[in-house]
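In case you want the letters, here they are:
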Amino acid sequence: MNHYNIVRSYLPDATIGYMDINGKRLFSLEQPWRDNKTSISCIPEGTYLVKRDRTGRQQYYAVQNVPERTFIEWHPANKVSQLEGCTAFGERRADDNISLISSELALKHILSTIGDDDFLVTYRSFGPAFDQL
């Protein structure tokens, strides 16, 4: 089973990060950390099973077994205001550093790389290497 890492930084208005997949860096965006409250907080750090989602609202991928949370999806979004506890990806960041560009293309890259296979993802925070990004 494939295993990917989302490496994040917590900002007051957003949680930003990145994931390297198939030689390409995609940038992630989530709500800021708000004590894991439903629909308004980023996902807690940890390792989760991710499954292809064909029944949810967005129908890309669904993150499984997040403590005290349900219906967490990966889907296209460009701004934090478009997220309700989910994770969005983009091909790059906008100038404000907390918005994404080419989110649909990023999800299509994930779909073409992973397809329908289940996989693991670890959400974790940046280490000292953050300044080198």
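Before reading further, recall that the structure is shown in the block above.
Please read these numbers as outputs of a predicted model, since none were measured by experiment. (Residues numbered from 1 in each chain as written. Predicted model: local features only at pLDDT ≥ 70, side-chain atom pairs only at ≥ 80, totals over all residues. Heavy atoms only, no water.)

**Here we look at the sheet that holds strand β1 (residues 3-10)**
Here we have 8 strands laid out as an open sheet, ordered β6-β5-β4-β10-β1-β2-β3-β7, and mixed in their pairing. Edge positions in the sheet fall to β6 (72-74) and β7 (88-90), since each of these pairs with one other strand and no more. Taken over all neighbouring pairs, the strand axes of this sheet differ in orientation by 30° on average, direction set aside. Pairing geometry for strand β4 (residues 46-52) and strand β10 (residues 119-125), over 5 bridges, is antiparallel. When the sheet's bridge partners are listed, L49 is paired in β10 with L120. Taken strand by strand, helix α1 (residues 103-114) contacts β1, β2 (15-21), β3 (24-30), β4, β5 (61-63), β6, β7 and β10, and its axis lies near 100° from that of β7. (Pairing = 2+ DSSP bridges. Helix = DSSP H or I, 4+ residues; strand = E, 2+ residues; numbered from the N terminus. Axes fitted to C-alpha atoms, helices over the stretch in contact; angles between N-to-C directions. Contact = heavy atoms within 4.5 Å.)

**Considering the packing of aromatic side chains**
With the rule as written, the count across this model stands at 7 aromatic pairs. With centroids separated by 5.6 Å and ring planes inclined at 85°, the aromatic side chains of Y4 and F119 adopt a geometry described as edge-to-face. You can see Y4 sitting in strand β1 and its partner F119 sitting in strand β10, a full 115 residues away along the chain. Using a relative accessible area of 0% as the deciding quantity, one classes F119 as buried. Pairing W74 with F89 gives two aromatic rings, centres 4.7 Å apart and planes at 65°, and the pair type is edge-to-face. Of this pair, W74 sits in strand β6 while F89 sits in strand β7; the two residues are 15 residues apart in sequence, bridging distant segments of the chain. Pair check on accessibility: W74 and F89 agree, each one buried. An aromatic cluster is present here, built from Y4, Y61, W74, F89 and F119 joined pairwise through their rings. R52 extends its terminal NZ or CZ atom over the ring of Y61, reaching a point 5.8 Å from the ring centre. (Phe/Tyr/Trp six-rings, centres within 6.5 Å; stacked < 30°, edge-to-face > 60°. Buried < 20%, exposed > 50% of the residue type's maximum accessible area, 1.4 Å probe, protein only. Lys NZ or Arg CZ within 6 Å of the ring centre and 35° of its normal.)

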